[in-house]
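Listed below are the residues making up each chain.
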Amino acid sequence: MAFDGITMACVVQELNEKLLDGIVYKIAQPEKDEILLTIKAGGPQQRLSLNADASLPLIYLTQENKKSPMTAPNFCMLLRKHIQNGRIVKIDQPGLERVVRFEIEHLDEMGDLRRKTLAMELMGKHSNIIFCDENDMILDSIKHVSSHMSSVREVLPGREYFIPNTRDKENPLTVSEEEFTQHKKDALIDSVNKENFLTDLKENSVAVYKGIYSRYTGVSPIVAQEICYRAGVDADLPTSVLDPAMEERLYQAFASYIDAVKLGIFEPAVYYDNGEPVEFGVLPFTLYEEKEKKVYDSISELLWSYYSEKSAVTRIRQKSTDLRKIVTTALERNVKKYDLQVKQLADTEKREKYKVYGELLHTYGYQIEAGAKKATVPNYYTGEEIEIPLDDQLTPMENAKKYFDRYGKLKRTYEALTEYVQETGEEVEHLRSVVNALDLAQDEADLSQIREELVQSGYIRHKGNKKKEKIVSKPLHFISSDGFDMYVGKNNFQNEEITFQMAQGGDWWFHAKGMPGSHVIVKTNGKELPDRTFEEAGRLAAHYSSAKGQNSIEVDYVQRKHVKKPGGAKPGFVVYYTNYSMVIDPDISAIRQA
């Protein structure tokens, strides 16, 4: 689900409850687009993450303390200069925009009381963190936006701060304080003008849900679909065919939903389908009433739970971009090289024919007339006659020599290419295994191991003056339903570690058949493995392979003592000649990770 204005309203409510009047104790910038504020607000110390990452912008309270760079970036230093030890006096959200503003009072160098504003904008790839003075003049921002980058608004020091016009969308939260009384419940419905709502909705003939979310600020497509569901109206129905009864139900459902936002009656929850999260919301989604639901006490807890894994994967993918480019380029080059070598190798298949031609011409050359363009002679290898093309400018013996020369050249080419094709094919498989390892990388230690492998393989130049980092990256560890330890290598170094260092000869080894993937080891401790553990290990091998998107995958398994590494082979490359196989699905949702 998109982080919409209604979700932001729930976040702002929580921030006001926990951070208002708090002191900004520490300011850090652990990532180039993330600010981490440590705030003391009377109760337990709070940490607030402001993340303006283009692919996954977020704002939430967290207990996690991230490691910061040794030298703080300029934007972080500016914030420390002005608002460290400042007091948060106001936290608000303009309308239902995906914007939250923190007004912070602090003392300047002269001891005078000043007020600054820190604005967090969650607008997809345009997300930003902007620091302004009391006159809404921009002092700096975590991302600079020039006129060449945006014709709508410059975000640069010295420019006036304003929120871009959201395509003339209206703010549904237009109701006075007095109307929120027990005696004026009906006035809550009037907070959204009925006539304007229906006029706006029918202005263009589009799907009803699209007409709603495209007209009102902070309303996402899924919320618009929920409103249609509550009203009993098909969300995809054109607005032009709405009858008065439908219009009334839509209006009542919309106004009721907005009232809940205005009153702050939030219920953060994640909805699951077969164990996978499919949606989250801060108000109940009745259209998902049949799905499993997990309610959270805190929107920050929900956001951290829902996005933490996705955020980590996004970060690692960004940091692996350079490595992925190196590997992809090398893979494309080697695949082209391999295809060319295979084609050239196929061309050498004529060599035996030329050898036979030469031998037959040596045997029957005395029978062939001078100047003949072809000769038909018995082939003593097959017992049949064979027609041999001749160069009429050459004698039969000279033609024989010509064919022997062709045979010799193609034979040498075949012998060389056979070795080259094998080497290039192994290199292609190695690079594909590195691509799979990049997909499995979970942290920077995993990337460091992959980088070291590429250095050893010659794809990255080794920097001799750089101190070698101590890499601490461990294989994945699972526990089978029967209590057996199962280990999964995330890259080729880890594959070698679990196969040749951790595993004993009697342990079992699993790998997806004929494709890049992780080695999986099951420690038997001298016991016989139950069928269920074999199946779970097979699922791990299938899931952590390049074919995990398929419904069924063939997996080979064999005792570790039958797995060998050829001398001089690439990391992670092994051979085995006797094995069992199973075809299994890659679902590992029921397998417990240690």
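Within every chain, residues take consecutive numbers counted from 1 along the sequence as written. Totals for whole chains, interfaces and linings use every residue, but because this is a predicted model, local features are given only for residues with pLDDT of at least 70 and side-chain atom pairs only at 80 or more, for both listing and counting. No hydrogens and no water enter the side-chain calculation; it runs on all heavy atoms of the structure.

**Topic: the sheet that holds strand S19 (residues 553-559)**
Convention followed: Any two strands with at least two DSSP bridges between them are considered paired. Strands here mean DSSP runs of E at least two residues long; helices mean DSSP runs of H or I at least four residues long; both are numbered from the N terminus. Throughout, a contact is declared for two residues whenever any of their heavy atoms are within 4.5 Å. Orientation is described by lines fitted to C-alpha atoms, with helices fitted over the stretch in contact, and by angles between N-to-C directions that extend from 0 to 180 degrees.
One open sheet holds the 7 strands; their spatial order is S20-S19-S17-S18-S16-S15-S21, and the pairing between them is antiparallel. Edge positions in the sheet fall to strand S20 (580-584) and strand S21 (592-593), since each of these pairs with one other strand and no more. As defined by bridge partners, strand S16 (residues 485-488) adjoins strand S18 (residues 520-522) across 3 bridges and the pair is classed as antiparallel. Pairing of Met 486 across the sheet is with Val 522, part of S18. Running at roughly 140 degrees to S16, helix H13 (residues 492-502) makes contact with S16, strand S17 (508-512) and S18 of the sheet.

**Overview of the pattern of salt bridges**
Defined as follows: What counts as a salt bridge is simple: a side-chain nitrogen of Lys or Arg found within 4 Å of a carboxyl oxygen of Asp or Glu. In this scheme, a residue with accessible area under 20% of its type's maximum is buried, one over 50% is exposed, and one in between is partly exposed, where area comes from a 1.4 Å probe on protein chains only.
One pass over the full model with this rule turns up 27 salt bridges. In this structure, Arg 115 engages Glu 105 in a salt bridge whose closest nitrogen and oxygen atoms are separated by 2.8 Å. Of the two residues, Arg 115 sits in strand S7 (residues 113-121) while Glu 105 sits in strand S6 (residues 99-107), which places them 10 residues apart along the sequence. Residue Arg 115 is classed as partly exposed on the basis of its relative accessible area, which comes to 34%. Taking the shortest distance from any N to any O, the salt bridge between Asp 585 and Arg 539 comes out at 3.4 Å.

**Quick look at the confidence of the model for the protein**
What counts, and what does not: Per-residue confidence from the prediction method is given by pLDDT, with values spanning 0 to 100.
Of all residues in the protein, 90% have pLDDT values of 70 or greater, and the mean over the chain is 88. Predicted confidence is poor over residues 175-191, with pLDDT under 50, and the contacts of this stretch with residues over four places away or in other chains come to 22 contacts.

**Here's the deal with helix H1 (residues 5-19)**
Worth spelling out the cut-off: Helix span, as expected, comes to 1.5 Å for every residue beyond the first. Here a polar contact is recorded for every N or O atom pair within 3.5 Å, except that within protein the pair must consist of a potential hydrogen donor and a potential acceptor, and residues adjacent in sequence are included only if both atoms are side-chain atoms.
End to end, H1 covers 20 Å across 15 residues, agreeing with the expected 21 Å (1.5 Å per residue, within 8%). Buried residues dominate H1, accounting for 11 of its 15 residues. Three or more residues of H1 are buried, namely Gly 5, Ile 6, Thr 7, Met 8, Ala 9, Cys 10, Val 11, Val 12, Glu 14, Leu 15 and Leu 19. By the N-cap criterion, in which a side-chain oxygen at the helix start approaches the backbone nitrogen of a residue two or three places on, H1 is capped by Asp 4, the distance to Ile 6 being 3.3 Å. Of the residues flanking the end of H1, it is Asp 21, one or two places downstream, whose phi is positive at about 70 degrees.

**Here's the deal with the packing of aromatic side chains**
Definition in use: Centres within 6.5 Å are what make two rings of Phe, Tyr or Trp a pair, Trp counting through its six-membered ring; a difference in plane orientation under 30 degrees is then read as stacked, over 60 as edge-to-face, and the rest as tilted.
For the structure on display, the rule yields 20 aromatic pairs. Geometrically, the ring pair formed by Phe 285 and Tyr 288 is edge-to-face, given 6.1 Å between the ring centres and 90 degrees between the ring planes. Under the relative-accessibility criterion, Phe 285 is labelled buried at 3%. Seen in terms of ring centroids, Trp 508 and Tyr 557 are 6.0 Å apart; in terms of plane orientation they differ by 50 degrees. Their pairing is tilted. Remark: Tyr 557 occurs in strand S19 and Trp 508 occurs in strand S17; sequence separation between them is 49 residues. Here Tyr 557 falls in the buried class, since its relative accessible area comes to 16%. Through a chain of ring-to-ring contacts, three or more aromatic side chains come together here, namely Trp 508, Phe 510, Phe 534, Tyr 557 and Tyr 580.

**So, the nonpolar core**
Basically, it comes down to this: Nonpolar cores are built from buried Ala, Val, Leu, Ile, Met, Phe, Trp, Tyr and Cys residues. Side-chain atoms within 4.5 Å join them into one set.
Counting 78 residues, the largest nonpolar core has Leu 15, Leu 48, Leu 50, Ile 59, Phe 102 and Leu 303 as the members making the most contacts within it. The element best represented in this core is H1, accounting for 8 residues.

**Concerning the environment of Ala 594**
By secondary structure assignment, the location of Ala 594 is in the segment after S21. The exposure class of Ala 594 is exposed, given its relative accessible area of 61%. The sequence separation of Ala 594 and Lys 337 amounts to 257 residues, and the corresponding C-alpha distance is 43 Å. When sequence neighbours within four positions are dropped, the list of residues in contact with Ala 594 reads His 477, Phe 478 and Ile 479.

**Let's talk about the environment of Glu 160**
Of note, Glu 160 is situated in the loop between strand S9 (138-141) and helix H3 (185-189). Relative accessible area serves as the criterion here: at 53%, Glu 160 is assigned to the exposed category. Remark: the alpha-carbon pair of Glu 160 and Asn 135, spanning 25 residues in sequence, is separated by 8.3 Å.

**Structural notes on unusual backbone geometry**
Although it is not a glycine, Asp 21 adopts a positive phi angle of roughly 70 degrees. Structurally, Asp 21 is set in the loop between H1 and strand S1 (23-31). A positive phi angle, close to 60 degrees, is found at Asp 136, a residue other than glycine.

**Points about the packing of helix H11 (residues 396-440) against helix H12 (residues 444-456)**
What describes two packed helices is the angle between their axes and the distance between those same axes. For clarity, the cut-off: Roughly parallel means an angle under 35 degrees; roughly antiparallel means over 145; roughly perpendicular covers 65 to 115; every other angle is labelled oblique. Handedness of each helix crossing follows the sense of rotation of the near helix against the far helix: counterclockwise by less than a right angle gives left-handed, clockwise gives right-handed. Note on residue classes: Ala, Val, Leu, Ile, Met, Phe, Trp, Tyr, Cys and Pro are nonpolar, Asp, Glu, Lys and Arg are charged, and everything else, Gly too, is polar.
At a minimum axis separation of 10 Å, H11 and H12 run at an interaxial angle of 165 degrees. Our classification of the angle between H11 and H12 gives roughly antiparallel. Relative to H12, the crossing made by H11 is left-handed. Packed against H11, whose contacting residues are His 430, Val 434, Ala 437 and Leu 438, the element H12 presents Leu 447, Ile 450, Glu 453 and Leu 454 at the interface. Of the residues assigned to the contact of H11 with H12, the class counts are 6 nonpolar, 1 polar and 1 charged.

**Some points on the packing of H12 against H13**
Axis separation between H12 and H13 bottoms out at 8 Å; the angle between their running directions is 95 degrees. Compared by their axis directions, H12 and H13 come out roughly perpendicular. When H12 is examined against H13, the residues Asp 446, Gln 449, Glu 452, Glu 453 and Gln 456 are found in contact with a partner set consisting of Asn 492, Phe 493 and Gln 494. In the contact of H12 with H13, the residues fall into 1 nonpolar, 4 polar and 3 charged.

**Considerations on the pairing of S19**
Most of S19 is tucked away, with 5 of its 7 residues classed as buried. Here S17 pairs with S19 via 5 bridges, running antiparallel. Its bridge partner being in S19, His 511 is matched across the sheet by Asp 556. As paired elements, S19 and S20 share 5 bridges and run antiparallel to each other. Looking at S20, one finds that Ile 553 is bridged to Ile 584.

**Examining the side chain of Asn 379**
On the secondary structure map, Asn 379 appears in strand S13 (residues 374-379). A relative accessible area of 8% places Asn 379 in the buried class. In this structure Asn 379 touches Val 356, Leu 360, Glu 384, Glu 385 and Ile 386, once residues within four positions along its chain are discounted.

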